[in-house]
Structures are given as structure tokens and as C-alpha cells.
Amino acid sequence: MSAEHDRLAASHDDLAPWRLWGPYVSGRQWGTVREDYSADGNAWDYLPFDDAHRRAYRWGEDGLAGLCDRFGFFNLGLALWNGQDDRLKERLFGLTNGQGNHGEDVKEIWWPTDATPTHAYASWLYRYPQRAFPYAELLREAAVRGRADPEFELTGTGILADDHFFDVEVVHAKATPTDIVVRVTATNRGPHPAPLDVVLQGWFRNTWAWGRDDRRPTMQRAQQAQGSGAAVEFHHAWLGDYRIVPEGSPRILFCDNETDDLALYGTPSATDCPTSGLDQAVVHGNLACTRPDQGTKVGFWWHHDVLAPGASVTVGLRLTAAATAEQPAQEGSGAGADLRATAGVAHAPVAAPDDTPSDRVVEDRAQEADAFYAEVLADVHEDEDRHIARRAFAGLLWGRQLYRYSIGEWLEGDPAQPVPPAARRTGRNSRWTHLDIADVISMPDEWEYPWFASWDLAFHTLPLADIDPWFAKQQIELMVREWVQHPNGQLPAYEWDFGDVNPPVLAWATRMVHRIDGGTDTGFLVRVFSKLLLNFSWWVNRKDADGSYLFEGGFLGMDNIGLFDRSAPLPGGVRLEQSDATSWMAFYALSMLQIAVELARDAPGWDDVARTFFEYFLRLAGAMDDFGSAGVSLWSEQDGFYYDTLVHPDGTSEQLPVRSLVGLLPLIAVHSVHPVVLDEIGELIDEVEWTQRRDTALADALVHHQSHDDDRVTIALVPAERRTALYRRLFDESEFLSPHGVRSLSAAYRDGFAVDVDGARTSIRYVPAESDSGLFGGNSNWRGPVWMPVNVLLLDALRSYAAAEPDLQVEHPTSTGAGTTLGAVADDLRERLIGLFRAGPGGRRPGTPRWYPDGPLWDRQVTFSEYFDGDTGAGLGATHQTGWTALVAHLICHPGGLRD
């Protein structure tokens, strides 16, 4: 195997040396809940972008192409100045939720271009305008646009016309775990000469200003050992001693990572050289806010009067730990989560410095990255697909961020700071006082979603397992650790409301990751399964209001898919029984059944648990068919579709006849069992046969024995005749089947659809692109576009049905008269999804956001959007959702899916 595989084999711990340093700096820390100490909970306004360069953050850091240690004690990041901007470009700019006409919206252009799991090698590309960045124009234009208008993007300002930009590539390459080369290469892509300043900044996270830990790390100028110029040395109680040696002869300036109180509030600052000192020096020529010799923040400043058209310049530095025999023990670090994570660890791992020249380090690590992906993608034969997968993996790996949040401390406030408003005690996340995190977590998006979401994370783990199985498993286990999962069993949703309800997909992800990893780590299954038993009970106890086996749930991740806000209470005791909530629970029950069966193969004691989940699945399926005193079904025989249903206090019910993913989700609750497994779980099969004898009608509808070449048994929520009806809708190109995947709402509603709901007229319309609904901030849309995660679940289900009925012929697409097998249908859906990212005849990729220009400088880059236009496939929403959209790499690596 490759050198990177060897490093991974020695890195089965989050404090393993090769995992100590990585791209763990957030893409955005301002505007997050963690940094919000306001009375009204308006995080966007409490710490806005315009204040970020003058503020010392409390819980984390942000930056461009940031690199930091596992706990974010020391950070490195890129800053740029084109001679025109009013501030250093040291963090990504975007609109807040209230400023954007479709919610929060980053207004920058960048791509993660490569990475290995240990971050031994990584590269990142930023497109920096040569003219003044149009902050005011972007804000002004967004303010006059409504939901029906497209977003005003950076390319719309004309600032990048005629290639008036620098391409700035950042490379990280590790000689050893604690000897790291950072290289920056800037290329003038424009037709005219242009100036450029490059600043590499290093700073300590401020852990000393809050009254919880007054120790302060040190950083000062030093002379290089060979006497060839200045260097910087720093000491931190846990990290130990490091030296930073720059390439060439940059100007070295110091300041302090302290808030500029004078500029922000008109009150004296803790220092005369606050965190904005480097911005003052480079952009405004004010050196009075910097020092030449020491501080807690340093800038290495390379000034270039002019770069000719097509010319490039390369600068860099090397960060190296001192190979000391002893380092002081860490007694505290300013946050409870740090104390937990570093308990019993005297100091950070340190490797001896390496004398390999920096150029050679970069070259060697780049070659090893190629060798690593040659192994990972050995069975992928198309160059284009290998390129797509590698870019998807790069985005996933650059999307790992250090997430720090101790809600108990956040609610209480810090001793050296003003007491938080009393309203916080009963406000946002006040029921989650146990949550205490300082962990590296895979984020949905670097900027728009710089906080974890448990259901997003479940999908991330599949492609992660293809390159770093340990990290994939660790991410799943983290969600059920005692400092994350609520004591009542609930899993956290996302930081804006940890108590909201996301679809229960973690059990499915657990089993999928277990299979990708080779299916041998039963300890992982036991650890996760034991905690998921608590979560399953939470669902049963909290989300099945009357014990009918019909679940409410809430919006369940599909923000505005319904006629109204499904998380809001309904008037007059009316209850919404959700097709998708019940389907998710059936899916959950089957996933738990599958894990229990896997465990029972080696430990027969798990048989009883498996039978319990089988029995519960049957009850859920029966409820889907008929429930309540009125005997109204979620299934519409007339329409051949599942619908949500309103239940009134008197027991009467009414269906909400809207065809959306809500009604297709029952298809995902399916499990096709391999005969080898059947031989080892005879007691469960006895239970199936006994159930058939006891309740023939129920069993015939739910448990399907398909005897053919391999004698599989398939358990499915949807009986065969209903599946046929759903297939007609699903495979209809005028309804759900788009050229690039399955739409979230039927395109039959292009002209809108209105219905009376509880005496009031309400409507919904197919919207293939940006949202026209204000639900959940209006920056998400499940009323037409294609979403990768649910498409992958449907694709996985189709493969299970194909395994059960390999010879079954279905019409695909509907109304064409073309008959094909379900296996061929699954293959076609996979090709449609991957096709979003493949270059077309002119070079452009269908999934590229429509506002990106064409041309060789653009077409080579692969963009992983949050969701995709239901008609054209153009990328929409967040432009760096290499979280769940990275599932395309999973599809590329597993063309036939994962079978038992």
C-alpha cells in the first residue's frame, strides 16, 4: 500500500501524531451561535463580518486555507492585499441570512484541489480579484432583490472580467507530523501588470482573556541558526516549542490577538497592538499598531510591486517543532472540552525535525498523494471520474473543522466578561447544558454551514470511509458520546437549535461504514448500537404522540418541502402524521435490525434484539396501511402515492395530496438478506415464518421471500403492488425523474397546486431552482431541486429491490414503453447523478453554478453545490457542500453499490 496508507495505519487516535495538524480552522467563525452573547439571539448581528478583523473570537478561529493543531491553540492562515481593498483579505466574505435574498450566501470563489487524510499533502485554490473587492455593491444589490430574483454574485459585478484576478494556490506538505511546509503561489491571470501583497499569519487562539485560564503563550523574533535571516519562535504549554522559518526575506511584524476595543466601542483596549494591527500596517501603512519583536500574532509580509501578466510568485514558510526531551504538562486550556480531551496527555506529540529541503518535501508528498489515490481509485477506469472523486475527497478533507462549544460555559458566561442576558438561561440550546465539544468534525460546508449537523454528517461518513475508515467511524461515535448525545437519547441537530429533529440516518450510516471498512470491527457496531438504542427509544417516546406507530418528527431536514412549516404547532389540537417521519422510523428500525443481525452472527444473544426490531418494523408498516379511528390510510389508492395526513382531535383525518419525496421515502425501508446470513440467523427466520402464519395479511404485505439463484429474503415497507405505482411516479420524467436525478417535488406542479387544509386554502409550486419560500430562512429548497443524499438512499433501495427481483421488468422512463430491470434503472440513476460533475462537450459541467463563467480556467474546477436545478442540473445553494454532495465519490468508487 502507499505511504499515506501506512500513516493512516498508525493513526487510529485523534491525538495520533499525523492527525495533530490539519485544515481545522473554520471558514467562518463570525455570525455563529457560539460567538453570540446577545440578548435577542441574533448571532449574525452580534458579531458581523465588518467587526471580525477587530475581534478576538471566544470559541474558534477562521481564515483562508487555515492550518492549526488539533485544539486550535496555534493557527496559520493566508492574507492578501491587491493594493485596492479597504482591508486585508484574510477571511471569506458573504451575506448574512437577512442580507441575502435567499439567505446567507458566501460571495467568494475557491476550490479545495487536493488532500490526503493525514494532511500530509493538501492544496487549495483561491481566485482573488485585482480590483477592489465589491463589498458594498454586493450588499446593495442583494438588498433590492427578492426571492423570485436570482442571487447577485461576484461575477455579476464584472470585477473578474477578462481574467482580472490572481489565482492563489496554497500547499501544505508535512516532512514529519510536526515539521510542515506551507507554500503560496500567486499567478496573475489578467492582461495587465498588478501589485500583490502576500501575508502568512500565525496566531494563538485567545484563551487568556476570559477569566478561566490566565496563562499566555509566548512568541518572539529569533535568528535562524545559520544566520541567514530572522525566524519566529513560540512556546505553548501543551504544544511545546516551535520555530517558524520563512522563505526569502519577508517583513516580520507582531501584534496581539486581542479585541480592538478602542475602534469598536471607544473604550481602552487591552493592548496598543490589537488583532487588527497587521491590517493597519499592510493596508493603511500604520506601523504603530505592530511591534518588531514579540506578540501573540505574527505576520510574514511579502510585498510585490508588480506581477506581470501570466507571471507567478512563490513564498512560504516552515513550521517545525523543537525536539525537546521534556515538555511541561498541560494543567488547563481554557475550556472544559479541552480538559476532557487532553486528560492524561502530558503534551502534544513531537517528531524530530527533518532536514529534507522544503522543495523536496512538497514534491515527495505530492507523489505520495498520487500513489494513495491510485490505490483508492484503482477500480475507476475513467480519468474524468477519478478527477471528480479526488476533488470530492479533497473538499471533504478540507471541510474538517475544529468545533469548540461548551454550552454550560456559554450560558454561564466568562468570569472576566459581562454576565450574559438572563434570557439566555431559557433560550437557545438551554436544554443542552451537557454538550461540551472540542473535536474535529466534518462540516456540511466551509462557510455557510460551519457547524455540524448530525444527519449531514451521517452521509459524509460514506465517502470518508473510502479513504479514512477510522475517521469515519470516529465521527459516528462522536455523535453518540456522552458529551454530545442528550441524556434523554436525542441526537443533536445543529447549533441554531440542537433540539430540532433530523432524520434518523445514523444507524444506516453505521452499517454502511462498517461494510466499507471490511465488516470486521464489531466493537464499533456495539459501541454505536448501544447508544442508538437510547435514541430509538427517544423517537418512540417523544415523536409517536398517541402510540399509533405514526410519527410527527417536524421538518426532518427537508426544510420547506411541505405546504406549511411542519415544525410549527398546528392549531386546535390538530396533529400532522408524516409519511416521511414514519418512513424514516421504518428505515431506522430496519437499519437497527441489520446491525443486530450482524452482531448475532458472532454473539447469538443479539437474536432477541433483532426480533424486537423486526416486530417493531411490522407495526410501523401496519400503521402506514391503516390507522386511527377513522381508518384513513397514508396511502392513496386513487393516486398511487403516500401522503401526510392531518388528524383532528375527534379522530377524523384528511390527507394532504402533494406528491413529493415525502411520499417516495417509504421505498427506502427495504432490506435484502444474503443467504449466508440467513444460515446464521435461523431464529429470526423462524420469527418471520411465525408472523406469516399468525397474521397472513400483514406478513404478505411486508415480508417478501424471493427465491431465486441466491435465495435471498427481502423485507420491505411497501408491498409489491404499491411499489409498482410508486415506480410509475418516480420514473416519470414529467414528475420526479430529471436528467440529473430525482426531484424533490413533482414537476407536475409547475403551474402550482392549491388545496384546502383544515378549512384554509394553501398552495405549493414546483420550483426547480432557488427557493421562493421563506420557511427556514429561505436559503434551502426542497420544492423541486435534486438533492444528492436522498437520491443516494433511493438508489441504494433500488439495488435492494433489484437483488430481490432481478428479472422484474419496469417501464423506464414511464410512458416510453421501454422495459428494463431495476438493476439497470439503478445504474441509470447513478449515471445521472455522476453526470452532474462530468465535463460536457464544451468542457462545462452541468452541475457548475450558472453564474460561473466558461473557459479553461474555470472548467477544470469541480464545484460541489448544496443541491441542483431540477431541470438543468446547475449547482444551487451553498457552493462548497462537499459534505453530503461528496457522495458522488462514493458512487464512483462503488458502481454496483454495497451488497451483503
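Computed from a predicted structure; not experimentally measured. (Residues numbered from 1 in each chain as written. Predicted model: local features only at pLDDT ≥ 70, side-chain atom pairs only at ≥ 80, totals over all residues. Heavy atoms only, no water.)

### Considerations on the overall build of the protein
A tally of helices and strands in the protein yields 25 helices and 34 strands. In terms of overall size, the protein behaves like a compact globule, its C-alpha atoms giving a radius of gyration of 28 Å where 900 residues would be expected to give roughly 29 Å. Dimensions along the principal axes, computed over C-alpha positions, put the protein at roughly 85 × 60 × 60 Å. Relative to its full complement of 900 residues, the protein shows a buried share of 65%. (Helix = DSSP H or I, 4+ residues; strand = E, 2+ residues; numbered from the N terminus. Rg over C-alpha atoms; globule rule 2.2 N^0.38 Å. Buried < 20%, exposed > 50% of the residue type's maximum accessible area, 1.4 Å probe, protein only.)

### Observations regarding the pattern of salt bridges
Here the structure, examined in full by the defined rule, presents 57 salt bridges. Notably, a salt bridge pairs D359 with R183, separated by 2.4 Å at the nearest N-O pair. Pair noted here: D359 is in helix α8 (residues 358-376) and R183 is in strand β9 (residues 179-188), with a separation of 176 residues, a long-range link. For R183, a relative accessible area of 13% translates into the label buried. R761 is paired through a salt bridge with D756; the nearest N and O atoms lie 3.3 Å apart. Salt bridges here are not isolated pairs; linked through shared partners, they connect E4, R7, R365 and E368. (Salt bridge = Lys/Arg side-chain N within 4 Å of Asp/Glu carboxyl O.)

### Description of α8
Taking 1.5 Å per residue as the helical rise, α8 with its 19 residues ought to reach 27 Å, and the 27 Å between its terminal C-alpha atoms agrees with that figure. Residues of α8 that are buried: S358, V361, V362, D364, R365, E368, A369, F372, Y373 and V376. (Expected span 1.5 Å × (residues − 1).)

### Quick notes on the sheet that holds strand β11 (residues 218-223)
Read across the open sheet, the 8 strands follow the order β6-β7-β8-β9-β16-β13-β12-β11; overall the sheet is antiparallel. Both outer strands of the open sheet, β6 (110-115) and β11, are each paired with one neighbouring strand and no more. Pairs of neighbouring strands in the sheet enclose a mean axial angle of 20°, with direction left out of account. Here 9 bridges tie strand β7 (residues 121-129) to strand β8 (residues 165-176), and the two strands are oriented antiparallel to one another. Following the sheet pairing, S123 is matched in β8 by V171. This element, α8, spans β6, β7, β8, β9 and β16 (312-321) of the sheet and lies at about 90° to β8. The strands that helix α9 (residues 383-398) touches are β6, β7 and β8; relative to β6, the one it contacts most, it runs at about 100°. (Pairing = 2+ DSSP bridges. Axes fitted to C-alpha atoms, helices over the stretch in contact; angles between N-to-C directions. Contact = heavy atoms within 4.5 Å.)

### Regarding the packing of aromatic side chains
Describing an aromatic ring pair means giving the distance of the ring centres and the angle of the ring planes. Following the criterion strictly, the structure yields 60 aromatic pairs and no others. Considering the side-chain rings of F204 and F234, the 5.3 Å spacing of their centres and the 90° angle between planes classify their relative orientation as edge-to-face. Here F204 is found in strand β10 (residues 194-204), whereas its partner F234 is found in strand β12 (residues 230-236), with 30 residues between them in sequence. When the ring of Y405 is compared with that of W410, the centres are 5.4 Å apart and the planes differ by 85°; the resulting orientation is edge-to-face. Classification of Y405 by relative accessible area gives buried; the value is 0%. In textbook terms, an aromatic cluster arises when at least three aromatic residues are bridged by ring pairs, as seen for W455, F459, W508, W584, F587, W782, W787, Y867 and W884. When the ring centre of Y135 is taken as reference, the NZ or CZ atom of R87 above it lies at 4.6 Å. (Phe/Tyr/Trp six-rings, centres within 6.5 Å; stacked < 30°, edge-to-face > 60°. Lys NZ or Arg CZ within 6 Å of the ring centre and 35° of its normal.)

### Considering unusual backbone geometry
Most peptide bonds take the trans configuration, and most residues that are not glycine carry a negative phi. With omega at -10°, the peptide bond leading from H812 into P813 counts as cis. As for its placement among the helices and strands, P813 is situated in the loop between β31 (809-811) and β32 (819-821). Here the phi dihedral of A65 falls at roughly 50°; this positive angle occurs in a residue that is not glycine. Assignment of secondary structure puts A65 in strand β2 (residues 64-69). With a phi close to 60°, D162 is a non-glycine residue in the positive phi region.

### Points about the sheet that holds strand β1 (residues 21-22)
In sheet architecture, strand pairing relies on hydrogen bonds along the backbone and comes in two forms, parallel and antiparallel. If you trace the 6 strands from one edge of the open sheet to the other, you get β1-β2-β3-β10-β15-β14, paired in antiparallel fashion. Of all strands in the sheet, those bounded by a partner on one side alone are β1 and β14 (251-255). In this sheet, strand β3 (residues 74-81) lies alongside β2 in antiparallel orientation, the contact comprising 3 bridges. Pairing of C68 across the sheet is with N75, part of β3.

### Concerning the confidence of the model for the protein
Looking at the protein, pLDDT values average 91 and 91% of them are 70 or higher. A low-confidence stretch, residues 325-337 stays under pLDDT 50, and its non-local contacts, those more than four residues away or across chains, total 42 contacts. Note on residues 704-708: pLDDT under 50 across the span, and 19 contacts to partners over four residues away in sequence or across chains. (pLDDT = per-residue confidence, 0-100.)

### Let's talk about the side chain of Q29
Structurally, Q29 is set in the loop between β1 and α2 (43-46). In this structure, Q29 is in contact with R34, E35, Y57, W59, G60, E61 and D62, ignoring residues within four places of it in sequence.

### With respect to helix α4 (residues 135-143)
When α4 is considered as a whole, its buried residues turn out to be Y135, L138 and A142. Viewed end-on, α4 has its buried residues packed into an arc of 75°, placing them on one side of the element. Structural note: α4 exposes R140 and A143 on the side pointing more than 90 degrees away from its buried face. Check the buried side of α4 and you find it contacts α3 (49-52) and β4 (94-95). (Arc of directions from axis to C-beta.)

### Observations regarding the packing of helix α12 (residues 469-479) against helix α14 (residues 522-543)
Direction vectors running N to C along α12 and α14 enclose 20°, while the axes themselves pass 9 Å from each other. Looking at the two axes, α12 sits roughly parallel to α14. The crossing of α12 and α14 is left-handed. For the pair formed by α12 and α14, the contact residues are K473, I476 and E477 on the first element and F524, R527 and V528 on the second. A class-by-class count of the residues in the contact of α12 with α14 yields 3 nonpolar, no polar and 3 charged. (Parallel < 35°, antiparallel > 145°, perpendicular 65-115°, else oblique. Left-handed = near helix turned anticlockwise from the far one by under 90°. Nonpolar A, V, L, I, M, F, W, Y, C, P; charged D, E, K, R; others polar.)

### Some thoughts on the packing of helix α11 (residues 454-467) against α12
At a minimum axis distance of 7 Å, the contact between α11 and α12 shows a crossing angle of 160°. On the basis of the axis angle, α11 is roughly antiparallel to α12. Read as a crossing pair, α11 and α12 show a hand that is left-handed. Across the interface between the two elements, S454, L457, T461, L464, A465 and I467 from α11 touch P469, F471, A472, Q475, I476 and M479 from α12. Partitioned by chemical class, the residues of the contact of α11 with α12 number 9 nonpolar, 3 polar and no charged.

### Considering the side chain of S276
Counting through the fold element by element, S276 comes out in the loop between α5 (261-265) and α6 (277-284). Residue S276 is classed as buried on the basis of its relative accessible area of 4%. Ignoring any residue separated from it by four or fewer positions in sequence, one finds S276 in contact with H53, R54 and D260.

### A look at the environment of T820
Turning to its location among the elements, T820 is positioned in strand β32. Put simply, T820 and Q809 are 11 residues apart on the chain and 5.0 Å apart in space, counted from C-alpha to C-alpha. Ignoring sequence-local partners within four residues, the contact set of T820 consists of L808, Q809, V810, H812 and V825.

### Examining the environment of N779
Within the secondary structure layout, N779 lies in the loop between β30 (760-764) and α22 (788-804). Since its relative accessible area comes to 8%, N779 is described here as buried.

### Thoughts on the state of the cysteines
Applying the stated criterion across every chain, the model contains 0 disulfides. With no disulfide of its own, C68 has C255 as its nearest cysteine by sulfur position, at a separation of 18 Å. Summary of cysteine pairing: C273 is not part of a disulfide, and the nearest cysteine sulfur, belonging to C289, is at 6.3 Å. (Disulfide = S-S within 2.5 Å.)

### Side note on the pairing of β8
Consecutive side chains along a regular strand alternate between the two faces of the sheet. Among the 12 residues in β8, 11 count as buried, and that is most of the element. As paired elements, β8 and β9 share 10 bridges and run antiparallel to each other. Note that in β9 the partner of E169 across the bridge is T185. As consecutive antiparallel partners, β8 and β9 are separated by 2 residues.

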